[in-house]
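Commentary on secondary and tertiary structure
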Amino acid sequence: MSSNFQKIETERFTLRQFTEDDLENVFKGLSHPDIIKYYGISFNSLEATKEQITWFSDLEKNETGIWWAVCSKDGNVFYGAGGLNDLDKDNKKAEIGFWLLPEFWGKGIMKEVMPLICEYGFKELGLHRIEGFVESENKNCQKGLAKLAFNLEGTMKDCEIKNGVFISLDIYAMINPEG
């Protein structure tokens, strides 16, 4: 655990560092068929999900990104996770990611939280560019990024194999508005 982890507060939410206590909620999310359908990672046990908690911690330790647990202000409700990874300091860019438990979809959480994650990336990490790679079939994520002023830059056709089938990825990006 990093003692200087920067917590973020919104009107309705707290974005905080992940802890071991989040294991069950992360498993609930990253084993849910509606989430993992378009998410690159899934787990079939609590034990296997520990790998994800370690990944969150390693992002900070290795200075390759930062992810937050998205929770209610009082900390009693876990909604999902969001953050920046694949931090490239030389090129001042990172990849954004986010997932919510399905019962919280369509409640404006992403719209409230993601701008603050982007702001953190631009101001605290000195990023010039934040990228999002979205499976071409994931229409909800595409709409969400467009609402957040991410621009569609193009599509990488048949660039990855998932479940034995080639998939295409749409590239979205936001450039730091302050240069």
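Reading the values: the criteria
Residues numbered from 1 in each chain as written. Predicted model: local features only at pLDDT ≥ 70, side-chain atom pairs only at ≥ 80, totals over all residues. Heavy atoms only, no water. 1 Å grid on protein atoms, 1.4 Å probe; cavity = no way out; pocket = protein on both sides within 12 Å on 5 of 7 lines; lining within 4 Å. Points joined across faces, edges and corners; volume = space filled by probe spheres on them. Helix = DSSP H or I, 4+ residues; strand = E, 2+ residues; numbered from the N terminus. Nonpolar A, V, L, I, M, F, W, Y, C, P; charged D, E, K, R; others polar. Polar contact = N/O pair within 3.5 Å; in protein donor to acceptor, adjacent residues only side chain to side chain. Expected span 1.5 Å × (residues − 1). Buried < 20%, exposed > 50% of the residue type's maximum accessible area, 1.4 Å probe, protein only. Arc of directions from axis to C-beta. Contact = heavy atoms within 4.5 Å.

**A closer look at the layout of surface pockets**
A volume near 1,300 Å³ is recorded for the largest pocket. Y39, F98, W99, N138 and C141 are the residues nearest the centre of the largest pocket, which is lined by 44 residues in total. Only α2 (33-36), α3 (46-61), β5 (93-100), α4 (109-123), β6 (129-135), α5 (139-147), β7 (151-162) and β8 (165-175) provide two or more residues apiece to the lining of the largest pocket. Tallied by class, the residues present in the lining of the largest pocket amount to 23 nonpolar, 10 polar and 11 charged. One number sums up the size of the second largest pocket: a volume of about 220 Å³. Lining the second largest pocket are 13 residues, and of these E60, G65, I66, Y120 and L125 sit closest to its centre. Each residue belonging to the lining of the second largest pocket can be placed in one class, and the counts come to 6 nonpolar, 4 polar and 3 charged.

**A short note on the side chain of N176**
In this fold, N176 is placed in the segment after β8. Among the polar contacts made by the side chain of N176, one reaches the main-chain amide nitrogen of E178 at a distance of 2.9 Å.

**Focus on α3**
Given a rise of 1.5 Å per residue, 16 residues ought to cover 22 Å, and the 23 Å separating the end C-alpha atoms of α3 matches this to within 8%. All buried positions along α3 are accounted for by T49, Q52, I53, F56, L59 and E60. One face of α3 carries all of its buried residues, which in axial projection span an arc of 115 degrees. Exposed residues on α3 whose side chains face more than 90 degrees from its buried face are E47, E51 and K61. On its buried face, α3 sits against α1 (23-30), β3 (66-72) and β4 (78-88). Positive backbone phi, approximately 55 degrees, marks E63, located one or two places after α3.

**Quick notes on the environment of H32**
Within the secondary structure, H32 is located in the loop between α1 and α2. Residues H32 and S42, spaced 10 residues apart in sequence, show a C-alpha to C-alpha distance of 8.2 Å. In terms of polar contacts, H32 uses its side chain to reach the backbone amide nitrogen of D34, at 3.0 Å.

By themselves, these observations are geometric and do not establish any function.
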